[in-house]
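# A structural walkthrough
Chain by chain, the residues:
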Amino acid sequence: MEVNRRQFYGLLGLVGVAGAVKAAPAAAQVDNKSTLQRIQSTKKLRIAVVANQEPYFKKNLSSGEWTGFCLAMARDIAEQLDVKLETLESTWGNSVLDLQANKVDMAFGLNPTPKRALVVDFPPAMFYNISSLVGRKGFAASSWDELNKPDVRIAFDLGSSRETIIKRFAPQAKHIAYKTSPECVLAVAAGRADAFACSVFLGLAARKQNPNLGDFILPTPLVRTVTTAAIQYDSDGRFRQFLSAWIDYTRGSGQVREWILASLGDMGITPEDLPKGMDF
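The following paragraphs examine the structure supplied in this document. Computed from a prediction, not measured in an experiment: that's the story for all the values here. (Residues numbered from 1 in each chain as written. Predicted model: local features only at pLDDT ≥ 70, side-chain atom pairs only at ≥ 80, totals over all residues. Heavy atoms only, no water.)

### Quick notes on the side chain of T91
Quick reminder of the rule: A run of DSSP states H or I qualifies as a helix once it reaches four residues; a run of E qualifies as a strand once it reaches two. Both are numbered from the N-terminal end. For every residue, the accessible area (1.4 Å probe, protein chains only) is compared with the maximum for its type, and the residue is labelled buried under 20%, exposed over 50%, or partly exposed between those bounds. N or O atoms closer than or at 3.5 Å make up a polar contact, with two conditions inside protein: a donor-capable atom paired with an acceptor-capable one, and, for residues adjacent in sequence, both atoms drawn from side chains.
Note that T91 resides in the loop between strand 4 (84-90) and helix 4 (95-100). On the basis of relative accessibility, which here comes to 18%, the residue T91 falls in the buried class. Here the side chain of T91 touches N94 through a polar contact of 3.0 Å, landing on its backbone nitrogen.

Dropping the structure here:
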């Protein structure tokens, strides 16, 4: 018998806690309610959103409405849970802090790292990405060795996975830290930096929006990264179980890819614009 998506997620609600990840509860869990219990009792799913981060997030300044493929994912999750979606504007670096402070239930678009996993939980990969950079006009590089030089100026946004990757693979380069990704883009466009570190999706979007930027750089060896949502550690792990099943279902059905390509398409970026062989 074929089971539709709503029936599928309804069955998931009957799953017990067997096999749940055991971890220390987050400090924010002061009411002794698990994340799923809190979401169901308040009828709200609270997520962190980051401005000027197309195609992940985009805010309509006139209406205040948020779009982007992370919003498409969040809306689907909220629909399956039969709750309302609420947003809190944050940054990549602060979204983990917002989770710990119990301001949000989920923070999308994050790369799991061992240090982050000490304080927040991560379900499986929602999609994969490749670490990349966008250079200023006239700047060229094809490998990490070419970037790892004292006279190469690389910008990154504080608290992001890009900061960690640049410090790991280009420690000899001059590092320029900014609070946000748009500041990195402006620094490169103005010639104050040679390149800024980004994900492939952010790099494609930046080049599409700013004609003063130069080449797209995927330095070798390629550094592949996992991207998913961060959540709080809680008392029973049922929300993580639900998200794990949701990810398996939406990735396996091709829905995650459709959401990503649709958001890229809204910016005029086609599948042919993606780096050859990129499978997310």
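Now that the structure has been shown, we can carry on.
### Quick notes on the packing of aromatic side chains
Any two aromatic rings considered together are summarised by their centre-to-centre distance and by the angle between their planes. For the record, the criterion: Ring pairs are drawn from Phe, Tyr and Trp, using the six-membered ring of Trp, whenever the two centres fall within 6.5 Å, and their geometry is named by plane angle: stacked under 30 degrees, edge-to-face over 60, tilted for the rest.
Tallying each qualifying case throughout the model produces 11 aromatic pairs. Plain terms: the ring middles of F69 and F127 are 5.5 Å apart, the flat faces sit at 85° to each other, and that makes the pair edge-to-face. Residue F69 is found in helix 3 (residues 69-81), and its partner F127 is found in strand 6 (residues 127-136); the two are separated by 58 residues along the sequence. Here F69 falls in the buried class, since its relative accessible area comes to 0%.

### A word on the nonpolar core
Rule in force here: By convention a nonpolar core is built from buried Ala, Val, Leu, Ile, Met, Phe, Trp, Tyr and Cys residues, the set being connected through side-chain atoms within 4.5 Å. We call two residues in contact whenever any of their non-hydrogen atoms come within 4.5 Å of each other.
In terms of nonpolar packing, the biggest core is built from 67 residues, with F57, M106, F108, F127, F196, F201 and F239 touching the most fellow members. Counting residues per element, this core draws most heavily on helix 3, at 8 residues. Look past the residues within four positions of F57 in its chain and what remains in contact with it is A48, V49, V50, W66, T67, C70, L71, W92 and F108. Counting residues in hydrophobic clusters, the runner-up holds 16 residues, among them L133, V152, A170 and A173.

### With respect to the pattern of salt bridges
The condition is simple: The salt bridge definition used is simple: a Lys or Arg side-chain nitrogen within 4 Å of an Asp or Glu carboxyl oxygen.
Under the definition given, this model contains 11 salt bridges. A salt bridge links K44 to E86; the shortest N-O distance between them is 3.4 Å. Of the two residues, K44 sits in strand 1 (residues 44-50) while E86 sits in strand 4, which places them 42 residues apart along the sequence. Classification of K44 as partly exposed rests on a relative accessible area of 35%.

### Details of the packing of helix 3 against helix 10 (residues 238-252)
Filter applied, for reference: Note on method: axes are straight lines fitted to C-alpha atoms, helices fitted across the in-contact stretch only, with angles between N-to-C directions ranging 0 to 180 degrees. Each angle gets one of four labels, with under 35 degrees taken as roughly parallel, over 145 as roughly antiparallel, 65 to 115 as roughly perpendicular, and the rest as oblique. In this scheme the handedness of a crossing depends on how the near helix is turned from the far one: anticlockwise by less than a right angle means left-handed, clockwise means right-handed.
Interhelical geometry of helix 3 versus helix 10 gives an angle of 120° and a closest axis separation of 12 Å. Accordingly, the angle class assigned to the pair helix 3 and helix 10 is oblique. Handedness of the helix 3/helix 10 crossing: right-handed. Of the residues in helix 10, those in contact with M73, D76, I77, Q80 and L81 of helix 3 are F239, F242, L243, W246 and T250.

### Overview of the state of the cysteines
Covalent bonding between the sulfur atoms of two cysteines is what defines a disulfide. The following threshold applies: Two cysteine sulfurs form a disulfide in these notes if their separation is within 2.5 Å.
Per the stated rule, a full pass over the model turns up 0 disulfides. Just so you know, C184 is unpaired, no disulfide at all, and the nearest cysteine sulfur is the one on C198, 9.2 Å from it. Residue classification places C184 among the buried positions, given a relative accessible area of 1%.

### Focus: helix 9 (residues 200-209)
When you tally the buried positions in helix 9, you get 7 out of 10 residues, the bulk of the element. Listing the buried residues of helix 9 in full gives V200, F201, L202, G203, L204, A205 and A206.

### Details of the pairing of strand 9 (residues 195-199)
Stated precisely, the cut-off is as follows: Only strands that DSSP links by at least two bridges are regarded as paired with each other.
Counted residue by residue, strand 9 has 5 buried out of 5 residues, so it is predominantly covered. Direction of pairing for strand 6 relative to strand 9: antiparallel, over a ladder of 5 bridges. In the sheet register, L133 faces strand 9, and the bridge partner there is A197. With 2 bridges connecting them, strand 7 (residues 153-157) and strand 9 associate as parallel partners. Residue I154 lies in a different strand from strand 9, and its bridge partner there is A195.

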